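Working through the structure, step by step
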Amino acid sequence: MSSPQADIVHQVRRGVRLWRTSGRRETAQRVARAAYHRLDAFSLEFPLLLDDVADSRQLDLPVPSRRPERGQSLRVGFVSTPPGRGSGGHTTMFRMVTALEAAGHRCTIFLYDRYGGNLADHEATIRSGWPSVRARVRDVRQGITGIDACVASSWQTAHVLARHATEPMRRLYFVQDFEPLFYPQGAEYAFAEDSYRFGFRCIVIGHRLAQVLHAEIGVRADVVEFGCDTDIYRLRPAEPRDGVVFYSKPRAARRGFMLGVLALQEMHRRRPEAPIHMVGDADARVPFPAVVHGTITPQQLSDLYNRARAGLALSFTNVTLLAEEFLACGTVPVLNLSPYVTTADVRSDHVCWAPPTPSGIADELVAVLDSPPDPVAVAETAHSEGWGPAQVAFVRALEEETYG
């Protein structure tokens, strides 16, 4: 049996060899990974406190005995995780909040921070990032009270709504992805799937997602159409276009980051002169030349899209919102096909649907680079109504649920 001193010497020598063969970055990554597992940091990845997990088989949630009179201003709550700059899901939710406020209803954002962050900091992020939102901001721990209807915005907030909204109210669920697919088959998958059985009225983005909920869970949902902020994402005066914009999210499995990297690597091998731009994650590293922009403003994104021929955005849980944004800017979207992502919600003939393999995606990218369609023709196939129809449909469904 070796002595503690010998073990220390062995570990030091091992660390020196790793440093020499792998370099500083990989050495630091391996040390961090070892500490991550040793300290059971993985438990922090679970997005709920254990007491906040609900069970569809044990729910008996009260509803009001009387409904408000139609036309009466409603008090509407939204349960949300704290938003971060550039969050597309939160941006779409806040569009629905502003639509309700424009319709004369009063809204409250109930924030659920599993890690106990500062409410004032979260509210400051909302006020600066989404200045059109007038809603009050409260902590879920203060209670979900004083409202007529409340909307969950993700699977974990559906659990929080089921556990903490004990007063009589109408409960709804704004579904933007089939969220069980965020995880491997296991506990998180089961908890996310169970959230659709809580009996909340579901409002989903896209027809395919509604089909999935009905086929897999037996839930019928109201559908709101995909939209696009056409005040920002629009075709600019003609200027030279070249290359690809890649939406990169390495830590979101549903975004297929490594698949996109391998596809772009193959594309670069075939067309090394084509520039590659990456937006989303400033820390993303790739084995080919690329301009990494990180998180930039919507206006900067629009400017970048107007200089690119193709936009690569992968998603495996619903069609990405970037598809319509690319189209509006005259950029050809290259999207992946999957059982949960189909042509049902993006009907433009200028979308390139690729099999989810590196060569399949690279083939489509190269085809666009070599024979790009007219950007004006591409932009004409984008949604021209903005988010207005989706907002109208959302308000209508919530009012119908609450007024009766």
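Structure first, text after, so check above.
Below you will find a few notes about this structure. What you see is a predicted model; the values in this text were computed from it and never measured.

1. Re the pattern of salt bridges
What the rule picks out here adds up to 14 salt bridges. A salt bridge links Arg269 to Glu266; its shortest N-O distance comes to 2.7 Å. With a gap of three residues between them, Arg269 and Glu266 both fall in helix H7 (residues 257–270), about one helical turn apart. Given a relative accessible area of 59%, Arg269 falls into the exposed group. In this structure, Asp370 and Arg271 form a salt bridge, with 2.6 Å as the shortest nitrogen-oxygen distance. Placement of Asp370 in helix H10 (residues 358–370) and of Arg271 in the loop between H7 and strand S9 (276–279) is noted, with a sequence separation of 99 residues between them. Shared partners join several salt bridges into a network, and the residues in it are Arg201, Asp222, Glu400 and Glu401.

2. Structural notes on the nonpolar core
Ranked by size, the top nonpolar core spans 84 residues in total, and within it Phe78, Leu264, Met267, Leu312, Ile361, Leu365 and Phe394 carry the most contacts. When residues in this core are grouped by element, the largest group, seven residues, is from helix H12 (residues 388–403). Setting aside residues no more than four positions away along its own chain, Leu312 makes contact with Val244, Val245, Phe246, Tyr247, Gly260, Leu264, Phe326, Val334, Ile361 and Leu365. Ranked by size, the runner-up nonpolar core spans 36 residues in total, among them Cys150, Phe178, Val219 and Tyr340.

3. Points about the side chain of Thr331
Along the chain, Thr331 falls in the loop between helix H9 (322–328) and strand S12 (332–336). Separated by 3.3 Å, the side chains of Thr331 and Arg241 make a polar contact. If we ignore the near neighbours within four places in the chain, the residues touching Thr331 are Arg241, Tyr305, Asn306, Ala308, Arg309, Ala310, Gly311, Phe326 and Val378.

4. What about the packing of aromatic side chains?
Tallying each qualifying case throughout the model produces 13 aromatic pairs. Ring geometry for Phe46 against Phe191: centres 6.0 Å apart, planes inclined by 65°, an arrangement best described as edge-to-face. A residue pair is termed long-range when its members are at least 10 positions apart, and Phe46 in the loop between helix H1 (4–38) and strand S1 (75–80) and Phe191 in helix H5 (residues 187–194) qualify at 145 residues. Aromatic side chains Phe178 and Tyr196 sit 5.8 Å apart centroid to centroid with 15° between the ring planes, which places their arrangement in the stacked category. Of this pair, Phe178 sits in the loop between strand S5 (170–175) and H5 while Tyr196 sits in the loop between H5 and strand S6 (201–205); the two residues are 18 residues apart in sequence, bridging distant segments of the chain. A single burial state applies to Phe178 and to Tyr196, both of which are buried. The rings of Tyr173, Phe178, Tyr196 and Tyr340 are connected pair by pair, giving a single aromatic cluster. Against the face of Phe182 rests Arg254, its NZ or CZ located 4.1 Å from the ring centre.

5. Comments concerning the sheet that holds S6
Ordered by their spatial adjacency, seven strands build an open sheet running S3-S2-S1-S4-S5-S6-S7, and the pairing between neighbours is parallel. Because the sheet does not close on itself, it has two edges, and the strands there are strand S3 (136–139) and strand S7 (222–224). Neighbour-to-neighbour, the strand axes of this sheet turn through a mean angle of 25°, independent of strand direction. Relative to strand S4 (residues 149–152), S1 runs parallel, the two sharing four bridges. From the neighbouring strand, Phe78 faces S4, where its bridge partner is Val151. Sitting on the sheet, helix H2 (residues 88–102) touches S1, strand S2 (106–111), S5 and S6, and the angle it makes with S1 is about 175°. Packing against the sheet, helix H4 (residues 155–164) makes contact with S1, S4 and S5, and its axis sits at approximately 145° to S4.

Definitions and cut-offs
Residues numbered from 1 in each chain as written. Predicted model: local features only at pLDDT ≥ 70, side-chain atom pairs only at ≥ 80, totals over all residues. Heavy atoms only, no water. Salt bridge = Lys/Arg side-chain N within 4 Å of Asp/Glu carboxyl O. Helix = DSSP H or I, 4+ residues; strand = E, 2+ residues; numbered from the N terminus. Buried < 20%, exposed > 50% of the residue type's maximum accessible area, 1.4 Å probe, protein only. Core = buried A, V, L, I, M, F, W, Y, C linked by side-chain atoms within 4.5 Å. Contact = heavy atoms within 4.5 Å. Polar contact = N/O pair within 3.5 Å; in protein donor to acceptor, adjacent residues only side chain to side chain. Phe/Tyr/Trp six-rings, centres within 6.5 Å; stacked < 30°, edge-to-face > 60°. Lys NZ or Arg CZ within 6 Å of the ring centre and 35° of its normal. Pairing = 2+ DSSP bridges. Axes fitted to C-alpha atoms, helices over the stretch in contact; angles between N-to-C directions.

So yeah, pure geometry; function would need other evidence.
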